[in-house]
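This is what each chain is made of:
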Number of protein chains: 2
Amino acid sequence: MKSHAKRTIAVHLILGAALVSMAAGQETSPSPTPTPTPPLYSPQTISELKQLQQAALKSDYAYRQVAHLANNIGPRLTGSAQAEKAVEYVAGELKALGLEVQLEKLMVPHWVRGEESAALVEFPGMAEKTTQKIVLCALGSSVATPAEGLTAEVVVVRDFDELEALGKDKIAGKIVLFNYHFDKQMAAQSHAGDAYSQAVKYRGEGATAAGRLGAVASLIRSVGGAEFRLPHTGQNDYKNDAPKIPAGAVTAEDADLIAALAPQGTVRMHLVLTPQTLSDAPSFNVIGDLKGAEHPEQVIIVSGHLDSWDLGTGAIDDGAGVAVSMEAANLIQKLHLHPKRTIRVIAWMNEENGLVGGKTYAKDHEKEIANHFAAMETDGGAGHPLGINYAVKPEAKTFFDAVGKILRSSGAGILSFSEHAGGADVGPLTKLGVPGFSPIQDNRFYFNYHHTAADTLDKIVPQELAENAAVVAVTAYALANLEKPLPR
Amino acid sequence: MKSHAKRTIAVHLILGAALVSMAAGQETSPSPTPTPTPPLYSPQTISELKQLQQAALKSDYAYRQVAHLANNIGPRLTGSAQAEKAVEYVAGELKALGLEVQLEKLMVPHWVRGEESAALVEFPGMAEKTTQKIVLCALGSSVATPAEGLTAEVVVVRDFDELEALGKDKIAGKIVLFNYHFDKQMAAQSHAGDAYSQAVKYRGEGATAAGRLGAVASLIRSVGGAEFRLPHTGQNDYKNDAPKIPAGAVTAEDADLIAALAPQGTVRMHLVLTPQTLSDAPSFNVIGDLKGAEHPEQVIIVSGHLDSWDLGTGAIDDGAGVAVSMEAANLIQKLHLHPKRTIRVIAWMNEENGLVGGKTYAKDHEKEIANHFAAMETDGGAGHPLGINYAVKPEAKTFFDAVGKILRSSGAGILSFSEHAGGADVGPLTKLGVPGFSPIQDNRFYFNYHHTAADTLDKIVPQELAENAAVVAVTAYALANLEKPLPR
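Residues numbered from 1 in each chain as written. Chains lettered and ligands numbered in written order. Predicted model: local features only at pLDDT ≥ 70, side-chain atom pairs only at ≥ 80, totals over all residues. Heavy atoms only, no water.

Visitor: Outline the packing of helix H5 (residues 160–171) of chain B against helix H7 (residues 192–212) of chain B, supporting the account with residue identities and numerical values.
Guide: Residues and elements named next belong to chain B. Packing of H5 against H7 brings their axes to within 10 Å, and their N-to-C directions diverge by 25°. Classified by the angle between their axes, H5 and H7 sit roughly parallel to one another. The interaxial crossing formed by H5 with H7 has right-handed handedness. When H5 is examined against H7, the residues Phe160, Leu163, Lys168 and Ile171 are found in contact with a partner set consisting of Lys201, Tyr202, Glu205, Gly206, Ala209, Ala210 and Arg212. In terms of residue class, the contact of H5 with H7 is built from 6 nonpolar, 1 polar and 4 charged. (Axes fitted to C-alpha atoms, helices over the stretch in contact; angles between N-to-C directions. Helix = DSSP H or I, 4+ residues; strand = E, 2+ residues; numbered from the N terminus. Parallel < 35°, antiparallel > 145°, perpendicular 65-115°, else oblique. Left-handed = near helix turned anticlockwise from the far one by under 90°. Contact = heavy atoms within 4.5 Å. Nonpolar A, V, L, I, M, F, W, Y, C, P; charged D, E, K, R; others polar.)

Visitor: Hey, could you go over the interface of chain B and chain A for me, with residue numbers and the actual values?
Guide: In this complex, chain B contributes 39 residues to the contact, which on the side of chain A involves 39 residues. At the boundary of chain B and chain A, one finds 2 salt bridges. For lysine 459 of chain B, the salt bridge goes to glutamate 253 of chain A, with nearest N and O atoms at 2.8 Å. Elements represented by at least two residues in the side of chain B that touches chain A include exactly helix H3 (61–73), helix H4 (81–96), helix H8 (252–261) and helix H13 (446–449) of chain B. Residue contributions to the side of chain B that touches chain A peak at 5 residues, all from H8 of chain B. The residue makeup of the side of chain B that touches chain A, split by class, is 18 nonpolar, 13 polar and 8 charged. (Salt bridge = Lys/Arg side-chain N within 4 Å of Asp/Glu carboxyl O.)

Visitor: Quick rundown of unusual backbone geometry? Include the residues and the values.
Guide: Residue aspartate 318 of chain A follows aspartate 317 of chain A across a cis peptide bond; omega there is 10°. By secondary structure assignment, the location of aspartate 318 of chain A is in helix H9 (residues 315–334). Despite not being glycine, lysine 129 of chain A shows a phi value in the positive range, around 60°. Looking at where lysine 129 of chain A falls in the secondary structure, it is placed in the loop between strand S2 (116–122) and strand S3 (132–134). Here the phi dihedral of histidine 336 of chain B falls at roughly 55°; this positive angle occurs in a residue that is not glycine. Structurally, histidine 336 of chain B can be placed in the loop between helix H9 (315–334) and strand S12 (341–348). Taking the relative accessible area as the measure of exposure, histidine 336 of chain B reaches 64% and is therefore exposed. (Buried < 20%, exposed > 50% of the residue type's maximum accessible area, 1.4 Å probe, protein only.)

Visitor: Break down the relation of the copies chain B and chain A for me, citing the residues and quoting the values.
Guide: In this structure, two copies of a chain are linked by a rotation about an axis accompanied by a shift along it. When chain B is fitted to chain A, the residual RMSD is 0.0 Å, and the transformation amounts to a turn of 180° plus an axial shift of 0.0 Å. The superposition of one copy onto the other is thereby described by a two-fold rotation axis. In terms of C-alpha distance to the rotation axis, chain B has phenylalanine 228 of chain B as its closest residue, with the C-alpha 3.1 Å off the axis. Both copies present the same face, since 100% of the interface residues in chain B are matched by interface residues at the equivalent positions in chain A. (Least-squares fit on C-alpha atoms with pLDDT ≥ 70 in both.)

Visitor: Mind laying out the packing of aromatic side chains, listing which residues take part and the relevant values?
Guide: All names here are of chain B. Going through the model one piece at a time under the given rule, you end up with 30 aromatic pairs over all chains. With a centroid separation of 4.5 Å and 25° between ring planes, the pair formed by tyrosine 196 and phenylalanine 447 is classed as stacked. With tyrosine 196 in helix H7 and phenylalanine 447 in helix H13, the pair connects residues that are 251 residues apart, well separated along the chain. Its relative accessible area of 16% is what places tyrosine 196 among the buried residues. Centroid distance tyrosine 390 to phenylalanine 417: 6.3 Å. Interplanar angle 75°. Geometry classified as edge-to-face. Linking tyrosine 390 in strand S14 (residues 385–391) with phenylalanine 417 in strand S15 (residues 414–417), this pair joins segments that are 27 residues apart in sequence. Classification of tyrosine 390 as buried rests on a relative accessible area of 1%. Overall, the relative accessible area of 22% leaves phenylalanine 417 in the partly exposed class. Linked through ring pairs, Tyr390, Phe399, Phe400, Phe417 and Phe437 together constitute an aromatic cluster. Across the ring face of phenylalanine 417, the terminal group of lysine 397 is positioned such that the distance to the ring centre comes to 4.5 Å. (Phe/Tyr/Trp six-rings, centres within 6.5 Å; stacked < 30°, edge-to-face > 60°. Lys NZ or Arg CZ within 6 Å of the ring centre and 35° of its normal.)

Visitor: Quick one: what's the story with the environment of lysine 174 of chain A, residue by residue and with numbers?
Guide: Residue and element names in this part refer to chain A. Mapped onto the secondary structure, lysine 174 falls in the loop between helix H5 (160–171) and strand S6 (175–178). Of the residues examined, lysine 174 reaches a relative accessible area of 18% and is grouped as buried. Once you skip the residues sitting within four places of it in the chain, lysine 174 turns out to touch Ala152, Glu153, Val155, Ala215, Val216 and Ala217.

Visitor: For the pattern of salt bridges, give the residues involved together with the corresponding values.
Guide: Summed over all chains, the structure comprises 30 salt bridges over all chains. Linking arginine 229 of chain B and aspartate 254 of chain B is a salt bridge whose minimum nitrogen-to-oxygen distance equals 2.8 Å. Within this pair, whereas arginine 229 of chain B is found in the loop between strand S7 (217–221) and strand S8 (247–250), its partner aspartate 254 of chain B is found in helix H8, the two being separated by 25 residues in sequence. By relative accessible area, which is 7% here, arginine 229 of chain B ends up buried. Through salt bridges with shared partners, one network takes in Arg113, Glu116 and Asp310 of chain A.

Visitor: I'd like a description of the sheet that holds S15 of chain B, backed by residues and values.
Guide: Residues and elements named next belong to chain B. Ordered by their spatial adjacency, 8 strands build an open sheet running S1-S10-S12-S11-S13-S16-S14-S15, and the pairing between neighbours is mixed. A strand with exactly one partner marks an edge of an open sheet, and here the two such strands are strand S1 (100–112) and S15. Sheet twist, expressed as the average angle between the axes of neighbouring strands with direction ignored, equals 25°. Relative to strand S10 (residues 276–290), S1 runs antiparallel, the two sharing 12 bridges. Each residue of the ladder has a partner; that of glutamate 100, found in S10, is aspartate 289. Across the sheet, helix H14 (residues 462–481) is in contact with strand S11 (295–305), S12, strand S13 (372–377), S14 and strand S16 (436–441); its angle to S14 comes to roughly 35°. (Pairing = 2+ DSSP bridges.)

Visitor: Break down the pairing of strand S8 (residues 247–250) of chain A for me, with residues and values.
Guide: Residues and elements named next belong to chain A. Burial along S8 is two-sided: Ala247 and Ala249 and Gly248 and Val250, pointing in opposite directions, are all buried. Two strands pair when backbone bridges link them, and strand S4 (residues 136–138) and S8 are joined in this way by 3 bridges, in the antiparallel orientation. Its bridge partner lying in S8, cysteine 137 is registered against alanine 249. Bridging between strand S7 (residues 217–221) and S8 involves 4 bridges; their strand directions are parallel. Residue pairing in the sheet places isoleucine 220 in a bridge with alanine 249 of S8.

Visitor: Before we move on, could you go through the side chain of lysine 459 of chain A and cite the residues and values that matter?
Guide: Topologically, lysine 459 of chain A is positioned in the loop between helix H13 (446–449) and helix H14 (462–481). Look at lysine 459 of chain A and you get buried, because its relative accessible area is 15%. Within the local environment of lysine 459 of chain A, its side chain forms a polar contact with the side chain of aspartate 458 of chain A, the two groups lying 2.7 Å apart. Within polar-contact distance, the side chain of lysine 459 of chain A engages the side chain of glutamate 253 of chain B at 2.8 Å. The contacts of lysine 459 of chain A, once residues within four sequence positions are left out, are Ile316, Tyr449 and Ala454 of chain A together with Glu227 and Glu253 of chain B. (Polar contact = N/O pair within 3.5 Å; in protein donor to acceptor, adjacent residues only side chain to side chain.)

What follows is the structure in structure tokens.
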């Protein structure tokens, strides 16, 4: 529903503008001379935005950056050596672009994956002395099973209602499998975010709900659209009122298998998950400022998150977002442009399992919030962008028409007013009233790879990444040079 | 090329028939009364074929059979307890249909997968004390690395020519990665078999070629079209003139990663593969005869292979082929039909890694080859069927026009003359002159799942499986009741 609503609004905006022009053209009698409206963007800015767009579409800088993050550094789970290497790398690259770079210190969670394996050890029709392998992964924050694993009957439920209906008697001592399906048709029609929202609550809350009823472990059907026996990891959030039980995600196929066998007779699983939660570790948000020529104190954040899950190499989630943000600064420097406000590139730490980076930044910069002119984040992959999501006051809705007109030439002309524009890391800022921005990206295939081992560089089409960089660079530079303040 | 050629021939056959009819209709002067040609199929047979087709399209028997093989029994690698359970199960089901069932004994290879893991331990840009996980699997027949694994530099080559050009100096002591790409565009255009043929020789011969030059292990880029970090297993065939070195398949993504890093500097891999080759084990082809009413000694084989690779549950390769063959017998019995010749359902053992079942059958039945009227095998998945491939003498090309006409109503009317019609298991028979038959199946997605952990029941669309059963049942029954011998 959300995306559809967005599109409708965008169309109305465009039509609205057209109607206004037509009405103006049809006037027959002279109207009173209006007070001249100061332009939103100077002719020079408009020209520079076009230069930026064209340069972005031709540049391979962003692709080389994400290639380095994904291939040469690899998975960058918060607290890992790779995450720290990535901090060091991005800081170095931003310095090389001539930015003022700071590392803002954080204390982040440090969870490490261990062994993860499972097998059905009893099921109807089985050959003696065999098992059926179950492909799964631990969810972030999961506690461990005993090192040798645990063995229990599996109870399959579709949702929380079914779990509650079964109650303690039928759940205590069992492994619960939440077989809630990610809606692939919804995703195929570009409502992937909605499909994700519906399914992801079982990832976040399933273990707590099952634990309350005495289950010994909680498994979910992987949240994602693929059918290639890929488990999708992601964060589990224990609540304090339930015992912490091991939490994992089986593949869609394995969920189907168990769901097919369970009505035929007893299904028992041996489950081994041995992750560990270590002491919190020091880490950093990487912040690089390209100082504004007129209002250096006013900041436009351009960002992605540097940490990734550990199964893949974090190319689309979110090496791509970091890379296009770096590209914005690279192009502005390369073209010798001088933004009026400060463009602040941020590579956030710990988006995936704690949001410590985003939260800490908002807290540390609390007194400067009024000077945060806008906050942009790219965290929806690297698919072809269609335009910009923006969360601004209604009276500023027309402020970006000129930007949309420029971006239209690379297929990204939709301007979509959305109160949730931005991203998780800039969420603490947008909640405080900072206008949020994010590219609208093709997400039809994003959740096929999201949080899986297959989030790798080959999933990025270089030209589509460049198109995203064009949207980000143009939007950021427009914000930096907007001739009016954005109403708050 | 192969499939395209097939299609062209099919179109010519149809057009040819049409032209003959037109020519007949345009004759103006009476022609000499021809000697009446005896019909190829009796009106009763034609009626029964239509009944079979309609019943097949409505039946879920085949789907329930493949569901049991895949879900309740699971992976069925030759020599495994599951393979033996499957023998027992299918024999029981065929007896329940009223067939005369025999288990024909074989001695089959017994290779078992062990641990399989790999990581890059040195590569350009890496964070200290980290590694990058490489997702891979052992290939069938592979020997093991030492239990603790081996570590060596990786040399990437595209093909055998590049390997030879590097020579012993640059290969000895190294792990060779054959990065030969499966042609996804070819597969997308229904030439998947051709794409497979081009790539699969590296799976079969790579380890031997690398071993000859002193490599310590041989890896291939997985042979298949998917991009979901799935390794594809399959058989490796050591030749006797080279040392046997461990042989594995990395995923497409891991091949890309290594190929991207290698030109930047040294890439070293730690590789653990601990498969074992055990003593040959006894196993069986399952054979069920539905005796012919007029020519019981004449046999039409209807078959699929019961063994599968061990990573998935062998739903499309080839539980589906066994299931549609069983369905042919089920429907004939259910409709109380009486084939004139014997319909012999065979569930072959050991297609994947030895072909012992097919070879042994041809040898054991050598003296009855002349009585093998035709041999049909379904081993291309469960995708929508387009028609029939058949390998018959040119003078018999028109024998199946009536069958094609019936199958046309379920979209399977293409009759494609192909000298390779049949399947691997019936290959030893077709080489001896037995006419071969197989359904033409949609294979555009088949190699995304082929020999992977994702070959699972959900990949089968029940209605498409039923369509395949219709093709198989109609073709088999037509052959059993054909009023003329097939020329040999």
